[in-house]
Amino acid sequence: GEGAPLAVYGDYLLFADEEENRLLLNMGGIANFTFLPAGKGMAEVICTDTGPGNTLMDAFMQQEFPGKYFDSDAEVAKQGTVNNQLLNALLDQSFFKLPFPKTTGPELFNLEYLLQAQVQSDCKIIAVEDCMATLNAFSAHSIAKAFKETLPSEQFTRVFMSGGGMHNPLLVETLKGLLPEMEFYSSSNLNINPDAKEAILFALLANECICGNPSFENNKNIPSIAMGKISFPA
């Protein structure tokens, strides 16, 4: 499976709707989404990683501000200006040219990745605030790019967000500006706490394992196996 192949099973069971296209966007360290087209079966579901969510922003904050783990309320990024040369260099990576669905992680999107983009764009000397603003924009642009390349443009879609990135007001504001045809909500609008969504999905998988239910329809994103293993004390 690609993207978040375990999460998609729960996304489909809990959130698929007969009348409404829904997109479940999780912005953790890496951003991924599950697209649930209205009234369609599991075979029509799209699940993929898009690129960085918070991982690069968090790593940069920890490097520049020891003791801080993330840019709370985008406080640092809001003080900066997006450097378009650096942004273009960050987006100029073979991962973004791969077909969907696909998977990535911090082994690619890390501080070394940022340094290479700075060298490529001749932006090694850049204000911390401008770098943070650019990293924030990078996450938003890579997410929007994935949406535009995978989703049917003529179909209206509601986006339900979860993960730490949904608490970053600048990231969300930029996403809304890049995707004006979409409406953005929290997964709380579907009665799921956005900070607990992945935990809930894995609890669902545990229940399916206990019941002996494999994924019920072949799909390139979901392995046709029982979801987990039951281990008893020795």
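A. Looking closely at the nonpolar core. Ranked by size, the top nonpolar core spans 47 residues in total, and within it Leu25, Met27, Leu135 and Phe147 carry the most contacts. Among the secondary structure elements, those contributing two or more residues to this core are strand 1 (22–27), strand 2 (30–36), helix 2 (55–64), helix 3 (84–91), helix 4 (111–120), helix 5 (128–150), strand 4 (158–162) and helix 6 (169–178). Per-element tally for this core: the top contributor is helix 5, with 10 residues. Ignoring sequence-local partners within four residues, the contact set of leucine 25 consists of Asn32, Phe33, Ile143, Phe147, Val159, Phe160, Met161, Ser162 and Leu175.

B. Representation of the pairing of strand 1 in the model. The element strand 1 is largely enclosed, with a buried count of six among its six residues. Neither face of strand 1 is exposed, since Arg22, Leu24 and Asn26 on one face and Leu23, Leu25 and Met27 on the opposite face are all buried. Counted between consecutive antiparallel strands, the loop separating strand 1 from strand 2 contains two residues. Note: strand 1 against strand 4, five bridges, orientation parallel. Counted as the bridge partner of asparagine 26 is serine 162 from strand 4.

C. Seen up close, the packing of aromatic side chains. Applying the stated rule across the entire model yields nine aromatic pairs. Ring geometry for phenylalanine 95 versus phenylalanine 96: centroids 5.4 Å apart, planes at 75°, classification edge-to-face. One aromatic cluster in this structure is built from Phe95, Phe96, Phe109, Tyr113 and Phe138. Above the plane of the ring of phenylalanine 65 lies lysine 68, whose end atom (NZ or CZ) is 5.6 Å from the centre. In this structure, lysine 102 is placed above the aromatic ring of phenylalanine 95, and the distance from its NZ or CZ to the ring centre is 4.6 Å.

D. Molecular detail of the packing of helix 1 (residues 7–15) against helix 7 (residues 197–211). Taken N-terminus to C-terminus, the directions of helix 1 and helix 7 make an angle of 90°; their axes are 9 Å apart at the nearest point. With respect to helix 7, the axis of helix 1 lies roughly perpendicular. Of the residues in helix 7, those in contact with Ala7, Tyr9, Gly10, Asp11, Leu13, Leu14 and Phe15 of helix 1 are Lys197, Ile200, Leu201, Leu204, Leu205 and Glu208. For the contact of helix 1 with helix 7, the class distribution of residues is nine nonpolar, one polar and three charged.

E. Local environment of the sheet that holds strand 1. Pairing is mixed in the open sheet, where five strands are placed in the order 3-2-1-4-5. Across the chains shown, the open sheet's two edge strands, defined by having one partner strand only, are strand 3 (46–52) and strand 5 (183–186). In this sheet, neighbouring strand axes are inclined to one another by 25° on average, regardless of whether the strands run parallel or antiparallel. Where strand 4 and strand 5 come together, four bridges link them in parallel fashion. When the bridges of strand 5 are listed, phenylalanine 160 appears paired with tyrosine 185.

F. Structural view of unusual backbone geometry. For the peptide bond that leads from phenylalanine 100 to proline 101, omega is -5°, which places it in the cis range. Topologically, proline 101 is positioned in the loop between helix 3 and helix 4. The residue aspartate 73 is not glycine, and still its phi comes out positive at about 60°. Structurally, aspartate 73 can be placed in the loop between helix 2 and helix 3. Phi is positive for asparagine 191, close to 65°, though the residue is something other than glycine. Position of asparagine 191 among the secondary structure elements: in the loop between strand 5 and helix 7.

G. Quick look at the pattern of salt bridges. The tally for this structure, following the rule as stated, stands at six salt bridges. In this structure, glutamate 20 and arginine 158 form a salt bridge, with 2.7 Å as the shortest nitrogen-oxygen distance. Remark: arginine 158 occurs in strand 4 and glutamate 20 occurs in the loop between helix 1 and strand 1; sequence separation between them is 138 residues. Residue classification places arginine 158 among the partly exposed positions, given a relative accessible area of 21%. Put simply, glutamate 149 and lysine 145 hold a salt bridge, and the shortest N to O gap is 2.7 Å.

The rules behind each value
- Residues numbered from 1 in each chain as written.
- Predicted model: local features only at pLDDT ≥ 70, side-chain atom pairs only at ≥ 80, totals over all residues.
- Heavy atoms only, no water.
- Core = buried A, V, L, I, M, F, W, Y, C linked by side-chain atoms within 4.5 Å.
- Buried < 20%, exposed > 50% of the residue type's maximum accessible area, 1.4 Å probe, protein only.
- Helix = DSSP H or I, 4+ residues; strand = E, 2+ residues; numbered from the N terminus.
- Contact = heavy atoms within 4.5 Å.
- Pairing = 2+ DSSP bridges.
- Phe/Tyr/Trp six-rings, centres within 6.5 Å; stacked < 30°, edge-to-face > 60°.
- Lys NZ or Arg CZ within 6 Å of the ring centre and 35° of its normal.
- Axes fitted to C-alpha atoms, helices over the stretch in contact; angles between N-to-C directions.
- Parallel < 35°, antiparallel > 145°, perpendicular 65-115°, else oblique.
- Nonpolar A, V, L, I, M, F, W, Y, C, P; charged D, E, K, R; others polar.
- Salt bridge = Lys/Arg side-chain N within 4 Å of Asp/Glu carboxyl O.

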